[in-house]
Amino acid sequence: MTERRLLLVNGPNLNLLGTREPEVYGHDTLADVERIATDAAAAHGFEVTAVQSNHEGVLIDAIHAARTTCAGIVINPGGLTHTSVVLRDALSGVALPVAEVHISDVYAREEFRHFSYVRDVALVHVIGEGTAGYTRAVDALIDVIAGRAEG
Ligand code: CA2
């Protein structure tokens, strides 16, 4: 393992967390989510670089940069989950272990949310556990990274 650092990616509209739709996404803000993930990583001696953007290309550039700086990626792609081949290609292109997180239970919502372009490039999936799901995603991803380092 080269770096004890994770990239945390939050996609379009997740900057609105805590401001609207609390019945779907809860009351935590994006800053809370970034702190939750940072604290979970710190418990394992990892640091977090966090990015949120409403622009697909910004997310892709951050994923590419992680190739040489991070040991893994935790991503909630937002609505890009269901639409973006290019985001999927970026994730598979950097060949880092990926954890996919969704705050809401996408399978209990509209059918268009049931398909994920990211699902089969991610090794860890945490869906419908609210913002606490970021802790589980970080823990499980670091387990994967630590297992690879041993092997
Ligand atoms: O449940 C999730 O985490 C989602 O990735 C959130 C996306 C949605 O398109 C996915 O299907 C599931 C939407 C993020 C928008 O977040 C908002 C938060 C508060 C208010 C408005 C939007």
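Source: prediction; values computed, not measured.

What counts as what
- Residues numbered from 1 in each chain as written.
- Predicted model: local features only at pLDDT ≥ 70, side-chain atom pairs only at ≥ 80, totals over all residues.
- Heavy atoms only, no water.
- Near = heavy atom within 4 Å.
- Polar contact = N/O pair within 3.5 Å; in protein donor to acceptor, adjacent residues only side chain to side chain.
- Areas by Shrake-Rupley, 256 points an atom, 1.4 Å probe, with all protein chains shown as cover.
- Nonpolar A, V, L, I, M, F, W, Y, C, P; charged D, E, K, R; others polar.
- Helix = DSSP H or I, 4+ residues; strand = E, 2+ residues; numbered from the N terminus.
- Buried < 20%, exposed > 50% of the residue type's maximum accessible area, 1.4 Å probe, protein only.
- Contact = heavy atoms within 4.5 Å.

Q: Any details on the site of the ligand? Residues and values, ideally.
A: Taken together, the neighbourhood of the ligand is formed by 16 residues, with Asn76, His82, Ile103, Ser104 and Arg113 sitting nearest. In the environment of the ligand, an oxygen atom lies 2.9 Å from a nitrogen or oxygen atom belonging to the side chain of His102. Bound to the protein, the ligand loses 94% of the 510 Å² it would expose on its own. Tallied by class, the residues present in the shell around the ligand amount to six nonpolar, seven polar and three charged.

Q: Kindly report on unusual backbone geometry, identifying the contributing residues and their values.
A: Look at Asn13: it is not a glycine, yet its phi comes out positive at around 75°. Note that Asn13 resides in the loop between strand 1 (5-10) and helix 1 (22-25). For Glu21, which is not a glycine, the phi torsion comes out positive at approximately 50°. Inspection of the secondary structure assignment puts Glu21 in the loop between strand 1 and helix 1. Judged by its relative accessible area of 30%, Glu21 falls in the partly exposed class.

Q: Mind laying out the environment of Val106, listing which residues take part and the relevant values?
A: Position of Val106 relative to the elements: it lies in the loop between strand 4 (98-102) and strand 5 (124-127). Note: C-alpha distance between Val106 and Ile127 (21 residues apart in sequence) is 7.2 Å. Setting aside residues up to four positions removed in sequence, Val106 forms contacts with His82, Arg113, His114 and Ile127.

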